[in-house]
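The lines below spell out each chain.
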Amino acid sequence: MLDIDKELKRGIITENPILILALGLCPSLAVSTSAHNGLGMGIAVMMVLAITNVIISIAQGWIPSKVRIPCYIVIIATFVTILQMFMKVYTPTLDRQLGIFIPLIAVNCIIMARAEAYASKNNPLRSFVDGIVMGLGFTLALVLLSVLREFLGNNKIFDLLVIPGFQPMTVFILAPGGFFIIAFVMALVNIIKSKKETKAKT
Amino acid sequence: MTDFVTIVQISIGAVLIQNFVLARFLGLCPFLGVSKKLSSATGMGMAVLFVMTIASMCIWWVDHAILIAMNEEFLRTIVFILIIASLVQLMELVMQKFTPALYESLGIYLPLAATNCAILGVVIINTGANPFTGNEFTFIEATVNGAAAGVGFLLALVLMAGLRERLELADIPKSMEGFPIAFITAGLMALAFLGFSGLSFFPGGH
């Protein structure tokens with residue numbers, strides 16, 4: 001049946017949405033300026049991903065395959081709208097910080113990719129687990145990026161001072177820093193991957 | 001006269017200072033996916049420019065005539081996505097019929113433009129306040145903003161494709177191949193575009 005360990009490993013490591021599959025890059029670079037924003041965005045995406053996966057998996061029998069993409073888009077956009085209304089009421093500060101990137105979850109490639117590649121072929125329970133582990137992988141990668149950026153650019157992690165006297169480099173909070181950080185994290189992932197492959201061969 | 005100044009401000013703002021790809025991080029998927037060859041980058045950039053301009057115009061009307069008039073602003077995300085998707089389909093049909101040459105060159109990139117977050121991004125920005133005047137976007141301002149954002153996207157995409165064609169021949173470390181080196185290139189470009197943030201002429205903004 002469901003092997004939770006294996007699923008978790010798949011979502012977080014072997015098929016990590018940001019670092020391995022390179023999906024959903026726009027929000028991951030735009031909101032990773034502070035760890036709070038990264039965590040908030042990650043959880044928001046995880047919730048939408050899990051719910052839409054379940055709904056699409058239940059509805060797969062009724063959706064004609066020719067119009068499935070528009071149907072998925074409407075389902076996803078509906079839940080994004082609900083999420084947006086919830087966030088406006090319960091987390092207004094986060095809502096203001098993330099700005100247009102909350103409605104843009106609707107066109108995030110990860111959600112569409114999981115709907116098309118997984119939820120439309122598997123049962124609701126499996127799809128729900130897939131949504132959660134993929135969302136978890138997205139959240140962890142996003143938190144990693146934003147912790148690095150917040151530390152280098154602001155000398156803070158979750159708004160707490162890290163090293164007193166360290167002069168932060170503001171460029172890491174700005175757009176170029178986002179590109180540099182993700183480049184180096186992805187290069188690091190490549191090194192780890194190739195090391196593992198050579199180990200497996202010998 | 002003030003209208004003209006606002007239009008210049010919006011255009012330079014969206015093309016250079018707040019470039020959609022390099023400063024706002026919108027539309028990164030096509031930016032990395034289609035920037036391997038100069039010819040396909042130009043095609044994609046033109047398709048996005050085209051869709052963005054027309055989508056900004058249509059959505060401004062729908063937003064003001066239907067959504068705001070009926071107090072249904074919460075439906076914006078769904079309605080905008082549906083309009084963009086159907087607009088792309090419609091444009092495909094019209095172009096196929098009347099301008100087959102243009103359709104041949106842009107054809108395959110048009111459906112990709114429908115799921116581009118830069119397009120949804122610009123129409124959502126158009127529903128907010130204009131940073132230069134502090135008021136809502138007028139129809140002309142929204143159109144100009146859409147077109148300028150498209151030009152900015154085209155510029156970034158073409159520059160990136162030119163750089164990546166050269167990079168093909170460069171000797172780079174194995175772990176940096178593919179996405180990492182593309183991100184480093186984009187980062188350096190973003191650093192260069194950061195220089196434009198010194199270009200400030202915001203008399204209306206203060």
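A few words now on a nonpolar patch on the surface. Residue and element names in this part refer to chain A. Together, L39, I43, M47, I51, I55 and F158 make up a nonpolar patch on the protein surface, roughly 450 Å² of accessible area in all. Within the secondary structure, L39 sits in helix 3 (residues 35–59). A relative accessible area of 32% means that L39 is categorised as partly exposed.

Taken together, the contact pairs 34 residues of chain B with 33 residues of chain A. Between chain B and chain A, roughly 2900 Å² of surface is buried when both sides are summed, and carbon and sulfur atoms account for 87% of that area. Broken down residue by residue, the surface that chain B buries against chain A is led by F25, I78 and F183 of chain B, which jointly contribute 22%. Remark: the boundary between chain B and chain A carries zero salt bridges. Between chain B and chain A we count two residue pairs in polar contact (both at pLDDT 80 or more) in total. At the level of secondary structure, the elements contributing two or more residues to the side of chain B that touches chain A comprise helix 2 (28–33), helix 4 (76–98), helix 7 (117–127) and helix 9 (179–194) of chain B. A per-element tally of the side of chain B that touches chain A places helix 9 of chain B first, with ten residues. Among the residues making up the side of chain B that touches chain A, the classes are represented as 26 nonpolar, six polar and two charged.

With that settled, the discussion passes to helix 9 of chain B. A rise of 1.5 Å per residue sets the reference length of helix 9 of chain B, with its 16 residues, at 22 Å; its end C-alpha atoms lie 22 Å apart and thus fit the reference within 8%. Looking at helix 9 of chain B, one finds that the buried residues are P180, I181, A182, F183, I184, T185, A186, G187, M189, A190 and F193 of chain B.

Of the volumes computed, that of the largest pocket is approximately 1000 Å³. Lining the largest pocket are 41 residues, with L98, G99, I100 and F101 of chain A together with I125 of chain B positioned closest to its centre. Counted by class, the lining of the largest pocket contains 22 nonpolar, twelve polar and seven charged residues. Roughly 830 Å³ of volume is contained in the second largest pocket.

The next subject is the confidence of the model for chain A. For chain A, the average pLDDT comes to 87, and 99% of its residues sit at 70 or higher. When the elements of chain A are averaged for pLDDT, strand 2 (residues 160–161) of chain A gives the smallest value, 80, and helix 3 of chain A the largest, 92.

Rules behind the numbers
- Residues numbered from 1 in each chain as written.
- Chains lettered and ligands numbered in written order.
- Predicted model: local features only at pLDDT ≥ 70, side-chain atom pairs only at ≥ 80, totals over all residues.
- Heavy atoms only, no water.
- Patch = residues over 30% accessible without salt bridge, like charges linked within 9 Å, V, L, I, M, F, W, Y side chains within 5 Å.
- Areas by Shrake-Rupley, 256 points an atom, 1.4 Å probe, with all protein chains shown as cover.
- Salt bridge = Lys/Arg side-chain N within 4 Å of Asp/Glu carboxyl O.
- Helix = DSSP H or I, 4+ residues; strand = E, 2+ residues; numbered from the N terminus.
- Buried < 20%, exposed > 50% of the residue type's maximum accessible area, 1.4 Å probe, protein only.
- Contact = heavy atoms within 4.5 Å.
- Buried area = accessible area lost by both parts, 1.4 Å probe.
- Polar contact = N/O pair within 3.5 Å; in protein donor to acceptor, adjacent residues only side chain to side chain.
- Nonpolar A, V, L, I, M, F, W, Y, C, P; charged D, E, K, R; others polar.
- Expected span 1.5 Å × (residues − 1).
- 1 Å grid on protein atoms, 1.4 Å probe; cavity = no way out; pocket = protein on both sides within 12 Å on 5 of 7 lines; lining within 4 Å.
- Points joined across faces, edges and corners; volume = space filled by probe spheres on them.
- pLDDT = per-residue confidence, 0-100.

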